[in-house]
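# Structural characterization, general
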Amino acid sequence: MTAISKPVFETLLKHKNVGTACVSTFLFLGKSIVLCAILSFIMNASHWPPEFVSRIQQQFPEESSAFLAALDETPATSLRLNPNKFTSSLPYAQVPWHPDGYFLPERPLFTMDPWFHSGMYYVQEASSMFLAYALGQVIDFQSSLRVLDLCAAPGGKSTLVASLLSEDSLLVANEVIRSRAQILSENLQKWGAIQAVVSQNDPEDFQALPGFFDLVLVDAPCSGEGLFRRDHKAAEEWSPAHIHLCCERQRRILMDVWDSLKPGGILAYSTCTFNEDENEHNLDWLLQQVDAEPISVEVPTTWGITLSSYKALPGYRFHPHKVKGEGLFLTLIQKGAIGTDFTFRKKKKKQFLQPLHKDLMPKVEGWLKERDKWAYFQGEEQIFALPSAQASAVEILTQKLYLHHIGVNVGEIKKQKINPSHGLLLSPYFGREVFPSVELSQLEALKFLKKEPVKTNLPKGWGYTTFGGVPLGWLKELGNRANNYYPHHWRIRMNIPNESPLFTMHKV
C-alpha cells in the first residue's frame, strides 16, 4: 500500500476538492483500494469544522470514528400520533421510548397529506420524544399541573407534554420571537391542546410569577451539534465562540426562570448539542447557585442511550452512532424547599379577558361538547373557552404576560353575530353535529388547503370540509358560491405534484 505523508494527509483534510481529485487519480492509476477508502473517509470528514472533529475525538476517544461516520448517514424520519385524534396504530417500527412514536421507511411529502394539516400527527425527531418517558417516571400527570415550556417553538415538546397533561392542567408555551410564536400557536391549535396558552415573553418576565409552575421545560437555544446530520447549515454556523455565547445565554435563561418554579417542582433541561459546556457543566453550575437535586430515571440499556455522570449529575445523551435519532441531552432537576408557592390575589386592574356576555352564550351553544367543562371569555372581539379549573390562573397570566393564544378560540364577534374560528374546528371537543359538512377527495382537500374555491351542495351558512372524516376547515355557502375560510397564513403555498397516489396517513 502506498504511504501517505503527514503533510499530504493534513492538506486533504482541509481541502475537500483536493481529496476528490486524489481519489480520482488513484482510481485511474489502479492504486490500492484501501488507499482510496482512506481518502474517501478523509474527504467525507472534512466538511465538519476541524475544531469540532478534534473535540469529538477528545470527548469520545474510543468512539469518535463511529460517531463522526454516523453524522453522514441519512437521518431517520419519525412522527408521533395525536392520541386524541388518531386512535389506530401504524404498520411501522415503533420508537422504543414512546408508544405513539413511529419510524417511517422513508420521508414522504407531508405537506400533501391533509391529515398533517389537521393535527392527526406531529413530525418529530425520535430522540425528542424521550422527554415524555423521563417525565412519566417522576411526575403524576393525572393531577392538576401548571407547566411552562419556556423555549417552545415550533411546538414539538409542547404538543408532547400537552398529550400527557390532564384536561384540568395548564400549559404555558412560550416563544420570545413573534414569527415563531405564530408557528407555535398554529401547531398547538392543530394538535387540539385545549389546556394550552401561547405567550410571547422574555425569560426574565416569568420572574413576576414566583412559585407558579410545577414543571418547567427549558429546551435551550444551543450550538446545534446534534443537528449536523439533518441540517448541514448548523455546522456552518458552529464555532467555539458560538458555544461560549450559548453557554452564557443558557445560564441567564436558567436563572431568569428558576424563581417561577414552585418548591419541589421539576426542571427539565435539554439541548440538541454534544459538548459538555452547554450540558453537564451548565447544570453543575446551576446546582451551585440554587437549592436543588438531580433526578435519575431508569433507562433500558437496549435503547442505546448513553448515561453521563459528571460530579454525580445524571444526564441522558443520544449519540448518532448508538440511537436511531438525532443528538439530544436531557437531565432533570428537582427544586428544594426554598421559595414559596404562588399566591393568587384579587384583580387589581381591568382584565383583558371578560366573561362572555350572557346574550352571546346561546349563540355558541353546542359548539363545544360538555358545556360544564368550559369557562367562556371574550377578549376584544375574540371568544375563548378554557377548562374551568384553570380559568383563574389564565386571568393571572393576562396581567403578567403577553398572551398570543388562549385555550380554544371559539369564534369572532361580528356585529352581534359570531363567526366560528378554525381553532374550534380542530379541537377534540368540537360539536361536529351543529354544522353541516362535506367530505372531500385528497385532491379536493389539497386545493381547499391552498384556499382555492370548493363546490359543495351544503345549505346556506357555515359548514366545514373533511377528509377521511377528519375536519379540515370552514367554508360559508352563499348559494352561488362557497367562501373558503381556511386561515390565510396556514395555507399550502407549494404546487400540488402531478404524481399519484400522493402520500396520506389516511391510507396507511
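To start, this report covers the structure provided alongside it. Keep in mind that this is a model prediction, so the values were computed, not measured.

### Observations regarding the side chain of Ser185
Tracing the chain through its elements places Ser185 in helix H9 (residues 178-191). For Ser185, a relative accessible area of 5% puts it in the buried group. Discounting chain neighbours no more than four positions away, the residues touching Ser185 are Val198, His404 and His405.

### A word on the pairing of strand S22 (residues 470-477)
Of all eight residues in S22, seven are buried, a share of seventy percent or more. When strand S21 (residues 461-467) meets S22, the two strands line up antiparallel, connected through seven bridges. Note that in S22 the partner of Thr465 across the bridge is Gly473. Remark: two residues form the turn of the hairpin made by S21 and S22, two consecutive strands paired antiparallel; Gly468 in that turn has positive phi of roughly 60 degrees. Pairing analysis gives three bridges linking S22 to strand S23 (residues 482-484), with the strands arranged antiparallel. Bridging across to S23, Glu477 finds its partner in Ala482. Joining the antiparallel neighbours S22 and S23 is a turn of four residues, in which Gly479 adopts a positive phi near 105 degrees.

### Comments concerning the pattern of salt bridges
For the coordinates displayed, the defined rule picks out 15 salt bridges. Between Arg55 and Glu225 there is a salt bridge, with the nearest N and O atoms lying 3.0 Å from each other. Here Glu225 lies in the loop between strand S8 (213-219) and helix H10 (232-236) and Arg55 lies in helix H4 (residues 50-59), a separation of 170 residues in the sequence. With its nearest N and O atoms 3.2 Å apart, the salt bridge here joins Lys157 to Asp219. Highlighted residues: Lys157 in helix H8 (residues 156-162) and Asp219 in strand S8, separated in sequence by 62 residues.

### Here's the deal with helix H13 (residues 391-400)
Where burial is concerned, most of H13 is hidden: seven out of the ten residues are buried. Inspection of H13 places Ala391, Ala393, Val394, Glu395, Ile396, Leu397 and Thr398 among the buried residues, and these make up the whole buried set. The inward-facing, buried residues of H13 contact strand S5 (146-149), strand S6 (170-174), strand S7 (196-199), strand S15 (374-379), strand S16 (382-387) and strand S17 (403-406).

What counts and what doesn't
- Residues numbered from 1 in each chain as written.
- Predicted model: local features only at pLDDT ≥ 70, side-chain atom pairs only at ≥ 80, totals over all residues.
- Heavy atoms only, no water.
- Helix = DSSP H or I, 4+ residues; strand = E, 2+ residues; numbered from the N terminus.
- Buried < 20%, exposed > 50% of the residue type's maximum accessible area, 1.4 Å probe, protein only.
- Contact = heavy atoms within 4.5 Å.
- Pairing = 2+ DSSP bridges.
- Salt bridge = Lys/Arg side-chain N within 4 Å of Asp/Glu carboxyl O.

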